[in-house]
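Chain residues, written in single-letter form:
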Amino acid sequence: YVDWKTQSTSFELMAIAEPYSFDYYSTAEPDVWSAGLVTEEFFEAIGARPLLGRTFAPDDYKPGQERVVVLGFGLWQQRFGGDRNIIGRSVNLDEQSYTIIGILPAEFQLRLFDYEKRDIWAPKIFRQNELAAPFRRLENYRNVVARLKPDVSLERARAEMDAIAANLSRQYPQTNANTGIAIVPLHEQLFGHLRPALLMLLGAVGFVMLIACANVANLLLARGVRRERELSIRAAIGASRSRLVRQLLTESVLLGLLGCASGVLLAYAGIQLIVGLAPGDVPHLDTVTIDGRIVTFAASIALIASLLFGLAPIWQLSRLRLRQSLADGGRTATMGAVRHAVGGALVIGEIALSLVLLIGASLLIRSFVAVANVDP
């Protein structure tokens, strides 16, 4: 860590985070709190600001100073009832008195150590000459966080750290041989393990939406059959084909946006149930909500789907001779052929998408059964 910090030029800030646990002594109920010991500039490096009070200052790292801690939001709520007057209060940790100087906001759920959330944070104070001891190069259970300089790319930083690692490998072959340095963006570190599952879920949701759209398109086709005479009458009294197309598009978009509004309301009502059923190792789970970006995304998808799948009856309309249809009493061979062709294509698409979902669900159930049958 010391070599990285002194030899690199790609970073503005660099700090250590070390896993730890405190024994909390209380007359009411003793407990064990998972903790993170951090060096100077840790919170600045990751861009974290306190909800109440402050984070650690340089004086907090000087030997002999008052011991201080910063509480996580969850611990503050559960153990201290969200008391906003807690700043300055002392707590007994490891039979030592620590002063609470700050509270972190709810969105701060940094899981650096095997994705385990930390309840409390304290300064990591190294003893004199401790960092210079040779055996310290064997301790690799700490995390190092750093902030890139604005004009430095991730690729450049990786190349520089690879060169530093190669130099350390030659300089200290007993401890650093064949040891590299992996630079991972913080977002990827926190959420990267969730990405495959979320992409699979997104794909399944997309298939379900396409199946629903195909169903709606088929219903619009069937509705178009019933409205053939109506459209023919409109054309006979002067409505242009473009006017009829605009009418059908307006109806399709209105239908899609109404469906979008219903879906957003249903999602808002069911989100607490979904969050309650989710696994506990998902970071920031309690911050999942419906916001403006989600509504905008849903409305955009609904609009695109409405325009795309509303084209089926419009294409059907373009194939018809409306005035001839009116003369024939609203029954044409062209109408039946078009509807059956488009409807058949939609049904084939639905079956294909449903088959993919069915196979995926079957594999998930099979995996679940296999896990459930493992002898503990």
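A short tour of the structure in this document, coming up. (Residues numbered from 1 in each chain as written. Predicted model: local features only at pLDDT ≥ 70, side-chain atom pairs only at ≥ 80, totals over all residues. Heavy atoms only, no water.)

1. Structural notes on the overall build of the chain
Here's step 1: Within the chain one finds 13 helices and 8 strands.
Here's step 2: Counting the 376 residues in the chain, one finds 34% classified as buried.
Here's step 3: A separation of at least 24 residues holds for 72% of the contacts in the chain among residues at least 6 apart in sequence.
Here's step 4: Summed over its atoms, the accessible surface of the chain is roughly 23000 Å², and 60% of this surface lies on carbon and sulfur atoms. (Helix = DSSP H or I, 4+ residues; strand = E, 2+ residues; numbered from the N terminus. Buried < 20%, exposed > 50% of the residue type's maximum accessible area, 1.4 Å probe, protein only. Contact = heavy atoms within 4.5 Å. Areas by Shrake-Rupley, 256 points an atom, 1.4 Å probe, with all protein chains shown as cover.)

2. Considerations on the packing of helix α9 (residues 241–277) against helix α10 (residues 292–309)
Here's step 1: Two numbers describe how α9 lies on α10: the axes approach to 8 Å, and their chain directions differ by 145°. Here α9 runs over α10; the crossing is right-handed. Here L249, S252, V253, G256, L257, C260 and V264 of α9 come into contact with α10, specifically with V295, A298, A299, A302, L303, S306 and L307.
Here's step 2: Of the residues contributing to the contact of α9 with α10, the split by class is 11 nonpolar, 3 polar and no charged. (Axes fitted to C-alpha atoms, helices over the stretch in contact; angles between N-to-C directions. Left-handed = near helix turned anticlockwise from the far one by under 90°. Nonpolar A, V, L, I, M, F, W, Y, C, P; charged D, E, K, R; others polar.)

3. Concerning the side chain of E18
Here's step 1: Take E18: it is sitting in strand β1 (residues 11–25).
Here's step 2: In this structure the side chain of E18 is engaged in a polar contact, spanning 3.3 Å, whose partner is the side chain of K124. (Polar contact = N/O pair within 3.5 Å; in protein donor to acceptor, adjacent residues only side chain to side chain.)

4. Comments concerning a nonpolar patch on the surface
Here's step 1: Taken together, L355, L358, I359 and L363 make up a surface patch of nonpolar side chains, about 390 Å² in accessible area.
Here's step 2: Here I359 is to be found in helix α13 (residues 333–372). (Patch = residues over 30% accessible without salt bridge, like charges linked within 9 Å, V, L, I, M, F, W, Y side chains within 5 Å. Salt bridge = Lys/Arg side-chain N within 4 Å of Asp/Glu carboxyl O.)

5. Examining the pairing of strand β5 (residues 90–93)
Here's step 1: Burial of β5 is one-sided: the residues V91 and L93 facing one way are buried, the residues S90 and N92 facing the other way are not.
Here's step 2: A loop of 2 residues connects β5 with strand β6 (residues 96–103), the two strands running antiparallel in sequence, and D94 in this loop sits at a positive phi of about 50°. (Pairing = 2+ DSSP bridges.)

6. Description of the environment of L255
Here's step 1: In this fold, L255 is placed in helix α9.
Here's step 2: Given the relative accessible area of 47%, L255 is considered partly exposed.
Here's step 3: With 48 residues separating them along the chain, L255 and L303 place their C-alpha atoms 9.6 Å apart.
Here's step 4: What L255 contacts, discounting residues up to four positions off in sequence, is V216 and L220.

7. Notes on the nonpolar core
Here's step 1: Counting 19 residues, the largest nonpolar core has F80, L93 and I120 as the members making the most contacts within it.
Here's step 2: At the level of elements, β1, β2 (31–38), β4 (68–71), α3 (73–80), β5, β6 and β7 (120–123) are the ones that each hand at least two residues to this core. (Core = buried A, V, L, I, M, F, W, Y, C linked by side-chain atoms within 4.5 Å.)

8. Details of the packing of aromatic side chains
Here's step 1: Applying the stated rule across the entire model yields 10 aromatic pairs.
Here's step 2: Ring centres of F43 and W121 lie 6.1 Å apart, and the angle between their planes is 75°; this geometry places the pair in the edge-to-face category. In this pair, F43 sits in helix α2 (residues 42–46) while W121 sits in strand β7, placing the two residues 78 residues apart along the sequence.
Here's step 3: Overall, F43 belongs to the buried group, its relative accessible area being 2%.
Here's step 4: Residue classification places W121 among the buried positions, given a relative accessible area of 1%.
Here's step 5: What links up through ring pairs into an aromatic cluster is the set F42, F43, F56, Y61 and W121. (Phe/Tyr/Trp six-rings, centres within 6.5 Å; stacked < 30°, edge-to-face > 60°.)

9. Brief notes about the pattern of salt bridges
Here's step 1: Applying the stated criterion across every chain yields a total of 8 salt bridges.
Here's step 2: With a shortest N-O distance of 2.7 Å, E18 and R142 are connected by a salt bridge. Taken together, the residues span a long stretch of sequence, with E18 in strand β1 and R142 in the loop between β7 and β8 (143–148) at a distance of 124 residues. R142 carries the same exposure label as E18, and that label is buried.
Here's step 3: Among the charged side chains, a network of salt bridges with common partners joins E18, K124 and R142.

10. Considerations on α3
Here's step 1: Within the sequence span of α3, burial applies to L75, W76 and F80. Along α3, the residues classed as buried sweep out an arc of 100° about the axis, all on the same side.
Here's step 2: Of the residues one or two after α3, G81 is the one with positive phi, at around 65°. (Arc of directions from axis to C-beta.)

11. Describing the pairing of β1
Here's step 1: Here β1 runs beside β8; their pairing, made up of 6 bridges, is antiparallel. Looking at the pairing, A17 lines up with N143 of β8.
Here's step 2: Between β1 and the antiparallel strand that follows it, β2, lie 5 residues.
Here's step 3: Pairing between β1 and β5: 2 bridges, direction antiparallel. By the bridge assignment, Y24 is partnered in β5 with L93.

12. Describing helix α7 (residues 195–226)
Here's step 1: In this model, α7 (32 residues) spans 46 Å end to end at C-alpha, consistent with the 46 Å of a helix rising 1.5 Å per residue.
Here's step 2: Every buried residue belonging to α7 is among I211, C213, A214, A217, N218, L220, L221, A222 and G224, and all of these are buried. (Expected span 1.5 Å × (residues − 1).)

13. Quick word on the side chain of D60
Here's step 1: The residue D60 is located in the loop between β3 (52–53) and β4 in this model.
Here's step 2: Assessed through its relative accessible area of 10%, D60 is described here as buried.
Here's step 3: Of the polar contacts made by the side chain of D60, one reaches the side chain of R54; its length is 2.8 Å.

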